[in-house]
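# Observations on the three-dimensional arrangement
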Amino acid sequence: FNGGGHINHSIFWKILSPKGGGLPTGDLLELIKRDYGSFDKMKEMLTQASVGVQGSGWGWLGFNPINGRLRILTCANQDPLQATTGFIPLFGIDVWEHAYYLQ
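Nothing here was measured: the structure is a model prediction, and the numbers come from that model.

### Section: the environment of Pro80
Take Pro80: it is sitting in the loop between strand E2 (69–76) and helix H4 (81–85). For Pro80 and Gly4, which are 76 residues apart along the polypeptide, the C-alpha to C-alpha distance reads 5.0 Å.

Put into structure tokens, the structure is as follows:
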């Protein structure tokens, strides 16, 4: 659990940016268009998958090194994506159960 939390958050801290937002560029954008049709469609699907996580977990955009395709996946708790699925994590959303509390 703690090791997975370290792995996941090490990725998470690197993808945050005070000037973030906007479209990805280059090969990543081309892969997103190929596999999801558009960035907005991928974003919508990743959001829906992440919202569906019960309690704590992660929503991920992962890369399958075997077939070269992107896939949206979720992991429970602090399970690391690559170690549990073989997919390379590209972008993650930390779903924290406390975010659902009203107060």
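From this point, the discussion proceeds with the structure in view.
### Focus on the environment of Gly55
Mapping Gly55 onto the fold places it in the loop between helix H3 (39–51) and strand E1 (57–64). Separated by 35 residues in the primary sequence, Gly55 and Gly20 have C-alpha atoms spaced 27 Å apart.

### Remarks on the packing of aromatic side chains
Applying the stated rule across the entire model yields 3 aromatic pairs. With centroids separated by 5.2 Å and ring planes inclined at 15°, the aromatic side chains of Trp58 and Trp60 adopt a geometry described as stacked. Three or more aromatic residues link up through ring pairs in this structure, and these residues are Phe12, Trp13, Trp58 and Trp60.

### Considering the pairing of E1
In terms of burial, E1 is a largely internal element, 7 of the 8 residues being buried. One ladder, built from 8 bridges, connects E1 with E2; its direction is antiparallel. Bridge assignment links Phe63 to a residue of E2, and that residue is Leu70. Hairpin connection, E1 to E2: the antiparallel pair is bridged by 4 residues, and Gly68 has positive phi, about 70°.

### Looking at the packing of helix H2 (residues 26–36) against H3
Running from N to C, H2 and H3 cross one another at 75°; their axes reach a closest spacing of 8 Å. Accordingly, the angle class assigned to the pair H2 and H3 is roughly perpendicular. Counting all contacts with H2, which are made through Leu29, Ile32 and Tyr36, the residues of H3 involved are Phe39, Lys41, Met42 and Met45. Residue composition of the contact of H2 with H3, by class: 6 nonpolar, no polar and 1 charged.

Quick notes on the rules
Residues numbered from 1 in each chain as written. Predicted model: local features only at pLDDT ≥ 70, side-chain atom pairs only at ≥ 80, totals over all residues. Heavy atoms only, no water. Helix = DSSP H or I, 4+ residues; strand = E, 2+ residues; numbered from the N terminus. Phe/Tyr/Trp six-rings, centres within 6.5 Å; stacked < 30°, edge-to-face > 60°. Buried < 20%, exposed > 50% of the residue type's maximum accessible area, 1.4 Å probe, protein only. Pairing = 2+ DSSP bridges. Axes fitted to C-alpha atoms, helices over the stretch in contact; angles between N-to-C directions. Parallel < 35°, antiparallel > 145°, perpendicular 65-115°, else oblique. Contact = heavy atoms within 4.5 Å. Nonpolar A, V, L, I, M, F, W, Y, C, P; charged D, E, K, R; others polar.

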